[in-house]
Structures are given as C-alpha cells and as structure tokens.
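Results of the structural survey
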2 protein chains.
Amino acid sequence: MAHDHVMPADLTRNQELVLGTLNHAPAPLSAYDILDLLRSEGLRAPLQVYRALDKLVERGLAHRLESLNAFVACADAHCHRKGLIAFAICEGCGKVDEFADAVTEERLSAWAGATGFKVERTTMEIRGKCAVCLKAAA
Amino acid sequence: MAHDHVMPADLTRNQELVLGTLNHAPAPLSAYDILDLLRSEGLRAPLQVYRALDKLVERGLAHRLESLNAFVACADAHCHRKGLIAFAICEGCGKVDEFADAVTEERLSAWAGATGFKVERTTMEIRGKCAVCLKAAA
DNA sequence: AATCAATACGTTATAGCATAACACTGCTGC
DNA sequence: GCAGCAGTGTTATGCTATAACGTATTGATT
C-alpha cells in the first residue's frame, strides 16, 4: 500500500511535525495523542498542536472527524476536493476510508436549492465495521 | 408552527425533564446547558443529564449533533426512522432542520455493498445559513 | 536600515464536554 | 422474601478545546 500522502514544502515546523504524525498513523489521532507523540520533539502545549491542525484542516491536508474528536491526514494527494467527503470509520480497527460521492452531493444541492439554505460545509461520517474486521469476526 | 414533538408516558422523571427541555428549545442544547436549565428541578450533576440523553437518543427521541457536541429533540413525532438522517444547522440562528433522503441512503448502501463495509450508524451534518438568516443579512 | 503588519510561536490558565466508580432505591418476577 | 435490573445521586476525574498574554520571525514598504 503506497503512501498517498503529501507534504508541502512551505509548512512550518509544527505543522510539519503534526502532519507527519498523522501521515504515519494507522488510525485517527486526537490532538492530545499527537501532542504525546511529539513531546520528544519539544512540543509541550495542546495549543501548539491545535494551531497546526487548524492550518492543516484549512488547507485540506487533514480532516477533522467530528464523531471522534480526532484527526486524519487527507488520503488524497491532490486534495482539490471542495465538495462533500464521506468518512467510513471502522469500529473494529479504527481505520478510516475517505470517499466522495457526486450523487449525494447533488442531492444535497437540490435540497439546499429547495429550502434556500446556503451550505458552507458538510460532514458525513459512517460508523460500522470494515470488510477485514467482519471477516476476522466470522 | 405546530409541535411535532412526542412525549412518551413511560419515561422516567429525569428523562422527561430532559426531553421537555429539548422540546422547548429553539436550538440545540449541550448537556451542560440542559443541566443549568434543570437545576431548579433538582438536577445537580452532568451524569444525570447524560444518562437521560443516552436513553432518549437510544430510543430515537433525541439526536446528538456531533459537530456541536449538543442535542436536539427529534423533529419527527413518529420517529420510526432507522436510516440516514441529515441535519442542516444554521450558523446564524442556530436552528436545525432535520431531513431524510432515500437516494443518499441508497448511495451509501451501494458503497457499503461494494466495499464490504457494514454500516451501523451515519451522521450527516450540514453547516451553513438558513433562508431566513440569509435574507436578514441581505 | 527602520518600520510596520502579518503570521507563527510558547506558556499559563481556564472553559467546556464526558465518564468512572461507588452506594443506594425501587420495581419486577420468581 | 429476595435476586436481578434499571434508574438515581454523588464525588472525583479525564479528555477536548480555547482565552489571553507576550515574544519571535518574516516579508513588504518606506
């Protein structure tokens, strides 16, 4: 499995450390998880991590998973995605699969058009079990 | 605007108090908001509220909004909805609109079928501005 | 070079959200 | 009765996130 991750050259030291940590993690990490992993690099306070995360999320290099209060690196190297991204979170192994669906996005636009709601941001998170974990449990 | 809310007869006192509070709220409430509103009724600890919320959510009488860490009463009196419910949250007035979309649900099933993922629960939360707030800002 | 604005940084303190653990109550069914 | 279960009340604690302060660095402008 190849790394699809991206590491822009213009990140600050803290941003680079945080994104590096997320890139190597097999599952989402909380800000405090990240902090603990980076204490050896000199980070001491939650805010150092949160500030880096804010920038990374803003740039689309990382995503926040609302239902976990945790963060993952963006799985798409070209992260030009402006639209709706869905996350499938396995309760077994913790792995997260990221995908986009144009039809769902279209439905959402249609609903927004009909109600006059202006969509700014959408989070879609699916909890369940991935194929690997289902098979292991069988 | 009619109350679509429901208040089952078999709730415990705490559950009834919490659901009553949610039913009358114009916008989502955090557990601590609810606690503060119910101190006059004798509630003192967060756990009293959280336990009631757990049951209410389990029964589909209330929903948790992950992106707000807050709760709303279910808008559908018959809340038989097992499937995907989407919430549109207005950043202006805080109001939440709850709706279901069969097509989106179908897309999700299709994705699940294709990847072997077993969906247990889905949260879909849309942030933006409602028609009323957009008009007010114009 | 001196200045200014913008951005990032580091630190301490605090706010806000959620649960662990324990003891007790009240009901239901045997 | 009494065992089992769901609900309750309380204290303590842990996890998540931000406020408020000052400093440092960078880059553009004069």
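Each value, and the rule that gives it
Residues numbered from 1 in each chain as written. Chains lettered and ligands numbered in written order. Predicted model: local features only at pLDDT ≥ 70, side-chain atom pairs only at ≥ 80, totals over all residues. Heavy atoms only, no water. UniProt positions renumbered as here; feature names shortened; annotations may be inferred. Near = heavy atom within 4 Å. Polar contact = N/O pair within 3.5 Å; in protein donor to acceptor, adjacent residues only side chain to side chain. Helix = DSSP H or I, 4+ residues; strand = E, 2+ residues; numbered from the N terminus. Nonpolar A, V, L, I, M, F, W, Y, C, P; charged D, E, K, R; others polar. Contact = heavy atoms within 4.5 Å. Buried area = accessible area lost by both parts, 1.4 Å probe. Salt bridge = Lys/Arg side-chain N within 4 Å of Asp/Glu carboxyl O. Pairing = 2+ DSSP bridges.

Per an unreviewed UniProt entry, chain A goes by the name Fur family zinc uptake transcriptional regulator and belongs to Devosia subaequoris. The UniProt entry for chain A carries the following comment under Sequence similarities (unreviewed entry): "Belongs to the Fur family."

Considerations on the protein's contact with DNA strand D
Residues in contact with DNA strand D amount to 15 residues; listed here are only the nearest, Tyr 32 and Arg 64 of chain A together with Arg 44, Gln 48 and Arg 51 of chain B. Looking at DNA strand D alone, sugar and phosphate atoms form 46% of those within 4 Å of the protein. In this structure, Ser 30 of chain A approaches DNA strand D through a side-chain N or O atom, which is 3.4 Å from a phosphate oxygen. With respect to DNA strand D, the side chain of Thr 12 of chain B contributes an N or O atom lying 2.9 Å from a phosphate oxygen. Of all the secondary structure elements, the ones that give two or more residues to the surface near DNA strand D are helix H3 (46–58) of chain A together with helix H1 (13–24) and helix H3 (46–58) of chain B. Ranked by residue count, the leading element in the surface near DNA strand D is H3 of chain B, at 4 residues. Looking at the surface near DNA strand D, its residues break down into 5 nonpolar, 6 polar and 4 charged.

Comments concerning the interface of chain A and chain B
The interface of chain A with chain B comprises 34 residues on the first partner and 34 residues on the second. With both chains or domains summed, chain A and chain B bury close to 2900 Å², and 59% of this area falls on carbon and sulfur atoms. One can count 4 salt bridges joining chain A with chain B. Where chain A meets chain B, there are 12 residue pairs in polar contact (both at pLDDT 80 or more). Contributing elements (two or more residues each) for the side of chain A that touches chain B: strand E3 (85–90), strand E4 (96–100), helix H4 (102–115), strand E5 (118–129) and helix H5 (131–137) of chain A. In terms of residue count, the dominant contributor to the side of chain A that touches chain B is E5 of chain A (12 residues). Each residue belonging to the side of chain A that touches chain B can be placed in one class, and the counts come to 15 nonpolar, 8 polar and 11 charged. Inspection of the sheet shows E5 of chain A paired to strand E5 (residues 118–129) of chain B by 11 bridges, in the antiparallel sense. If you follow Lys 129 of chain A over to E5 of chain B, its bridge partner there is Lys 118 of chain B.

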